[in-house]
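The residues making up each chain are set out below.
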Amino acid sequence: MTVQIGDRIPSATLTRATDDGPRPVTTDDLFSGKTVALFAVPGAFTPTCSARHLPGFKDHREEMTAKGVDTIACISVNDAFVMGAWADSQGIGKDEIVMLGDGNGDLTRQLGLTMDAKGFGMGERSQRYSMIVKDGVVSQLNIEQPGEFRVSSAEHLLAQL
């Protein structure tokens, strides 16, 4: 079943690249007591994700913060090393956007937001989406149709704040 507005984000452990190596990040720690703009991409370094999705959140970070967002986080079914390298290649500072690897797709499956990308040699991945999570509860949810990039954009999410 796909996550819905009003649902609590399930407990899961993601991974973040740090200067000291990969570090676990629990969803409880990430969302507890905060307003988080979370967006997911099918894959780091993929064309739309690199040219439009991630840069949009970087460009609108200050506006989102001004509207009450404490943290912007990006998740992908990639490992923390790939997410860290992608952040570096995009000029994303460590405190700008929290880049999280869901390497095994555990959270993505719990949210019901997987997609089959085996036809592209990518295995099971995340659908493209964005959401606002307030103290662990989904208050806005925008899931893209396959092949589209519209409702999960930073601009669309910003208008919902």
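Quick look at the structure, then. Only a predicted model underlies this, so the values are computations on that prediction, with no experimental measurement involved.

## What to know about a negative patch on the surface
Here's step 1: A surface patch of negative charge is lined by Asp-59, Glu-62, Glu-63 and Glu-155.
Here's step 2: For Asp-59, the position within the fold is in helix H2 (residues 47-59).
Here's step 3: Judged by relative accessible area, which is 58%, Asp-59 ranks as exposed.

## Here we look at the packing of aromatic side chains
The relative placement of two aromatic rings is captured by the distance of their centres and the angle of their planes.
Here's step 1: Scanning the entire structure with this criterion turns up two aromatic pairs.
Here's step 2: Seen from their ring centres, Phe-39 and Phe-57 are 3.9 Å apart, and the 0 degrees between their planes marks the pair as stacked. Here the residue Phe-39 occupies a position in strand S3 (residues 35-41), and Phe-57 occupies one in helix H2, the gap between them amounting to 18 residues. Each member of the pair, Phe-39 together with Phe-57, is buried.
Here's step 3: Both rings, one in Phe-45 and one in Trp-86, keep their centres 6.5 Å apart while their planes meet at 45 degrees; by these two values the pair is tilted.

## Focus: the pattern of salt bridges
Here's step 1: Tallied over the entire structure, the rule returns three salt bridges.
Here's step 2: Note that Arg-61 is salt-bridged to Glu-96, the shortest N-O span being 3.9 Å. Pair noted here: Arg-61 is in helix H3 (residues 61-66) and Glu-96 is in the loop between helix H4 (80-89) and strand S5 (98-101), with a separation of 35 residues, a long-range link.
Here's step 3: The salt bridge partner of Asp-106 is Arg-109, with a shortest N-O separation of 3.0 Å. Of this pair, Asp-106 and Arg-109 are both found in helix H5 (residues 106-111), three residues apart, which corresponds to roughly one turn of the helix.

## Some points on H4
Here's step 1: Taken as a whole, H4 has its buried residues at Ala-80, Met-83, Gly-84, Trp-86 and Ala-87. Looking straight down H4, one finds its buried side chains confined to an arc of 160 degrees; they lie on one side. Residues of H4 that are exposed and point over 90 degrees away from its buried face: Phe-81 and Asp-88.
Here's step 2: Measuring from the backbone nitrogen of Phe-81 back to the side-chain oxygen at the start of H4 gives 2.9 Å, which picks out Asp-79 as the cap.

## A short note on unusual backbone geometry
Here's step 1: For Phe-45, which is not a glycine, the phi torsion comes out positive at approximately 70 degrees.
Here's step 2: Its location among the elements puts Phe-45 in the loop between S3 and H2.
Here's step 3: Phi at Asp-135 is positive, roughly 50 degrees, even though this residue is not glycine.
Here's step 4: Position of Asp-135 relative to the elements: it lies in the loop between strand S8 (129-134) and strand S9 (137-143).
Here's step 5: Residue classification places Asp-135 among the partly exposed residues on the basis of a relative accessible area of 42%.

Cut-offs and rules
- Residues numbered from 1 in each chain as written.
- Predicted model: local features only at pLDDT ≥ 70, side-chain atom pairs only at ≥ 80, totals over all residues.
- Heavy atoms only, no water.
- Patch = residues over 30% accessible without salt bridge, like charges linked within 9 Å, V, L, I, M, F, W, Y side chains within 5 Å.
- Areas by Shrake-Rupley, 256 points an atom, 1.4 Å probe, with all protein chains shown as cover.
- Salt bridge = Lys/Arg side-chain N within 4 Å of Asp/Glu carboxyl O.
- Lys, Arg positive; Asp, Glu negative; His and termini not counted.
- Charge placed at Lys NZ, Arg CZ, Asp CG, Glu CD.
- Helix = DSSP H or I, 4+ residues; strand = E, 2+ residues; numbered from the N terminus.
- Buried < 20%, exposed > 50% of the residue type's maximum accessible area, 1.4 Å probe, protein only.
- Phe/Tyr/Trp six-rings, centres within 6.5 Å; stacked < 30°, edge-to-face > 60°.
- Arc of directions from axis to C-beta.
- Polar contact = N/O pair within 3.5 Å; in protein donor to acceptor, adjacent residues only side chain to side chain.

Any functional reading would require information beyond the geometric quantities listed.
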